[in-house]
Amino acid sequence: MKLLDSMSSAELIESYRTAGQGHVFAFFDQLSECEQQQLLSEAAEIDLHEIATLKKELIDGDGAAAMDYSDLEPSPFEARPEKGGDADAWAEAERLGEQALRAGRVAAFTVAGGQGTRLGFDGPKGTFPITPVRRATLFQVFAEKITAAAKRYGTSIPWLIMTSHQNHEATVSFFADNAHFGLEETQVRFFRQGRMPAVNREGRIMLSSRSSIAMSPDGHGGSLRALDRSGALAQLEAEGIDTISYFQVDNPLVRCIDPAFIGWHLKSKSEMSSKMVPKAYAEEKVGHFCIQGDRAVVVEYSDLPAAMQAETDSATGALRFIAGSIAIHVLDRNFVKRLAGAGPEAALPFHLAHKKIPTVDGAGDSVSPTEPNGIKFEMFVFDALPFAQNPIVIETLRENDFSPVKNATGIDSADSCRADLLRQYTRWANVNGAAVATDETGSPSFDYEVCPSYGYDENSFTASWANTSPPPLISAGTLLG
Ligand code: UTP
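Once a new chain begins, its residue numbering starts again from 1 and follows that chain's sequence as written. It should be noted that, the model being predicted, local features are given only for residues of pLDDT at least 70 and side-chain atom pairs only at 80 or more, the latter also being counted only at that level, while totals for whole chains, interfaces and linings use all residues. Hydrogen atoms and water are omitted, and side-chain values are computed over all heavy atoms in the structure.

### Side note on the site of the ligand
For clarity, the threshold we go by: Near, as used in this document, describes a residue that has one of its heavy atoms within 4 Å of the molecule or strand being considered. Between N or O atoms, a polar contact is any pair within 3.5 Å; within protein, one atom must be a potential hydrogen donor and the other a potential acceptor, and residues adjacent in sequence are included only when both atoms are from side chains. Only the protein chains shown count as cover for residues, and all accessible areas are computed by the Shrake-Rupley method using a 1.4 Å probe. Asp, Glu, Lys and Arg are counted as charged, while Ala, Val, Leu, Ile, Met, Phe, Trp, Tyr, Cys and Pro are counted as nonpolar; the rest, among them Gly, fall into the polar class.
Near the ligand you find 18 residues, and of these V111, Q115, T117, Q193 and K406 are the closest. The side chain of T117 places a nitrogen or oxygen atom 2.4 Å from an oxygen atom of the ligand. In this structure, a nitrogen atom belonging to the ligand sits 2.7 Å away from a side-chain N or O atom of Q193. In isolation the ligand offers 560 Å² of accessible surface; the protein chains occlude 89% of this area. Considered class by class, the residues forming the shell around the ligand number 5 nonpolar, 9 polar and 4 charged.

### Some details on the side chain of D250
Inclusion rule: Under the DSSP-based scheme used, a helix requires at least four consecutive residues in state H or I and a strand at least two consecutive residues in state E, with every element numbered from the N terminus. We call a residue buried when its accessible area falls under 20% of the maximum for its residue type, exposed when it is over 50%, and partly exposed in between, using a 1.4 Å probe and counting protein chains only. Every residue pair with non-hydrogen atoms within 4.5 Å of one another is taken to be in contact.
Its place among the elements puts D250 in the loop between β9 (243-248) and α10 (259-267). A relative accessible area of 5% places D250 in the buried class. Leaving out residues up to four positions away in the same chain, D250 has contacts with K125, L138, S403, P404, V405 and K406.

### Description of the pattern of salt bridges
Under the convention used in this document: For salt bridges, the criterion is a side-chain nitrogen of Lys or Arg within 4 Å of an Asp or Glu carboxyl oxygen.
Applying the stated criterion across every chain yields a total of 26 salt bridges. Of the charged contacts, one joins R192 and E169 as a salt bridge, the two residues approaching to 2.9 Å between their closest N and O atoms. Of this pair, R192 sits in strand β4 (residues 188-192) while E169 sits in helix α7 (residues 168-177), and the two are 23 residues apart along the sequence. For R192, a relative accessible area of 36% puts it in the partly exposed group. On the basis of relative accessibility, which here comes to 51%, the residue E169 falls in the exposed class. In this structure, D457 engages R255 in a salt bridge whose closest nitrogen and oxygen atoms are separated by 2.7 Å. A residue pair is termed long-range when its members are at least 10 positions apart, and D457 in the loop between β19 (449-450) and α15 (458-467) and R255 in the loop between β9 and α10 qualify at 202 residues.

### What about the nonpolar core?
Soluble globular proteins tend to bury their nonpolar side chains together. How we decide: Nine residue types can take part in a nonpolar core, namely buried Ala, Val, Leu, Ile, Met, Phe, Trp, Tyr and Cys, and a core is a set of them joined through side-chain atoms within 4.5 Å.
Residues I130, F139, W159 and F175 are the most contacted members of the largest nonpolar core, which totals 65 residues. Top contributing element to this core by residue count: helix α6 (residues 138-152), with 9 residues. Counting 64 residues, the second-largest nonpolar core is a separate cluster that includes A43, L227, F350 and V393.

### What about the packing of aromatic side chains?
To keep things clear, this is the line we draw: Stacked, edge-to-face and tilted are the three classes for Phe, Tyr and Trp ring pairs, Trp counted by its six-membered ring, which pair at centre distances within 6.5 Å; planes under 30 degrees apart are stacked, over 60 edge-to-face, the rest tilted. Criterion for a charge above a ring: Lys NZ or Arg CZ within 6 Å of the ring centre, and within 35 degrees of the ring normal.
The tally for this structure, following the rule as stated, stands at 23 aromatic pairs. Relative to F174, the ring of F139 lies with its centre 6.3 Å away and its plane at 40 degrees, an arrangement referred to as tilted. Placement of the pair is F139 in helix α6 and F174 in helix α7, with a sequence separation of 35 residues. Each member of the pair, F139 as well as F174, is classed as buried. Between F446 and Y448, the ring centres sit 5.8 Å apart and the planes meet at 50 degrees, which makes this aromatic pair tilted. Site record: aromatic cluster; members linked through ring pairs are Y425, W428, F446, Y448, Y454, F461 and W465. One Lys or Arg, R80, reaches over the ring of W90 and ends 4.8 Å from the middle of that ring.

### A short note on unusual backbone geometry
With glycine set apart, most residues show a phi of negative sign, and most peptide bonds adopt trans. The residue after S469, namely P470, is reached through a cis peptide bond having omega -5 degrees. Topologically, P470 is positioned in the loop between α15 and β20 (479-480). The phi dihedral of R135 falls on the positive side, at around 55 degrees, and the residue is not glycine. Following the sequence through the fold, R135 ends up in the loop between β2 (106-111) and α6.

### Quick look at the packing of helix α8 (residues 222-229) against helix α12 (residues 333-341)
Definition in use: Orientation is described by lines fitted to C-alpha atoms, with helices fitted over the stretch in contact, and by angles between N-to-C directions that extend from 0 to 180 degrees. For classification purposes, an angle smaller than 35 degrees is called roughly parallel, one larger than 145 roughly antiparallel, one from 65 to 115 roughly perpendicular, and anything else oblique.
At their nearest, the axes of α8 and α12 sit 8 Å apart, and the two run at 100 degrees to each other. Here α12 runs roughly perpendicular to α8, going by the angle between their axes. Judged by residue contacts, L224, R225, L227 and D228 of α8 engage V336, K337, L339 and A340 from α12. Within the contact of α8 with α12, the residues separate by chemical class into 5 nonpolar, no polar and 3 charged.

### What to know about the side chain of S443
Its location among the elements puts S443 in the loop between α14 (414-431) and β19. What makes S443 buried here is its relative accessible area of 14%. Among the polar contacts listed, one links the side chain of S443 to the side chain of R423, at a separation of 2.8 Å. A distance of 3.2 Å separates polar atoms of two side chains, one belonging to S443 and the other to T441. Leaving out residues up to four positions away in the same chain, S443 has contacts with R423, A437 and T438.

### Some remarks on the environment of P452
Structurally, P452 can be placed in the loop between β19 and α15. The class of P452 is buried, set by a relative accessible area of 8%. Residues P452 and G481 lie 29 residues apart in sequence; the distance between their C-alpha atoms is 7.2 Å. When neighbours within four sequence positions are excluded, P452 is seen to be in contact with R134, V141, E144, K145 and A148.

In structure tokens, the structure reads:
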């Protein structure tokens, strides 16, 4: 829209013709006035120069093939105390994190703008019912964890939620319908991420209908720009909040407010910190924390040559590139501001993905492709790492932090995630003497649930358990909350 203010419709259409994208307006004369306005405003959002550059560099130039990993080294990381890490340093980190939380310096941030195509759920992914007994949604789980942490540290923790154009209204209404799950309305802040047009292999912008461009969210990396553009950063600054705890909407196990992680970030004076889990096996599909030159990078599983993924340490036999990325970060507010406002020298790169894009043919009739027919462009948040000062990676235990809901069935599905939630509750309960019987994987034979208000991590669970007298009996359907 901004562009439209300073540019007439005729000029805009002409700029498309000049850029070889005039077909976007092929049906313009057949559209109603309202449809014309929609098309014009979508067209005004697009940076045609950026599209031309992406075509040249990524489609024609095959950017990915140019990667050179000869100087790639595994990233160092802070090992957990029980895995040989420095227990005193972890304790100090936890203390610092708690101090920052009590001082009200921390906001939670969920990226929830994805399309969730693999899950195939009708609605924003955050509204997916996940817990074993209540079937509380992903959003509800995070809301309860944030509420419980805020209570524990006697503070308020604003929660930023990035949506997309597609799911914004549905997300906002979902929270309104659920009274924001008890959070103050002003503390839950929604903003939309940017979007990018899909193009075909010739770099021509695709239409999704005669009056609409095929637009999709610009990737979780778009969160940095969107945090700034939406005014969210300015508001955090006014509130004295400088630390942003970033996590994905699909991972209900996440310790979304983790004092030790926040403390490591602060004591290292890091601008962007990350959690790693040791890769379970060489081919596991997670990104790898690495060092290239003097910069921290994440190299995706699809990019790191298989031979490198399988390399082992000669002394320990462990995988050399062992630090797997689980998309949990702490971001410094000023760092986000700097990157969001930076020029091309610090712009996050776009990655391309070949997708099936519903579109129209030359006559304007709908086409539903059965094979990928177009290209989407996305930015990834971990591409911010090379620009960060003092980035630090800390180890976490997978069972405490990571079980994403990506697929409808099988690995990383709702079923596997529920099983991981149950195993987590059972570990906490059994550490406290509950004696819940389990199979060899740590799974109980029945469903029950620990609400985050009772325990959102082992410490908070233990505190509640100590205050529950007599100790709760855990059996099928028990709800601790
Ligand atoms: P995924 O990479 O799993 O993508 O997102 P997705 O869109 O949710 O799911 P598929 O690939 O279509 O099945 C990881 C996290 O990043 C967020 C998602 O909401 C999820 O929390 N994300 C992804 C965004 O916020 N915006 C995007 O443009 C892409």
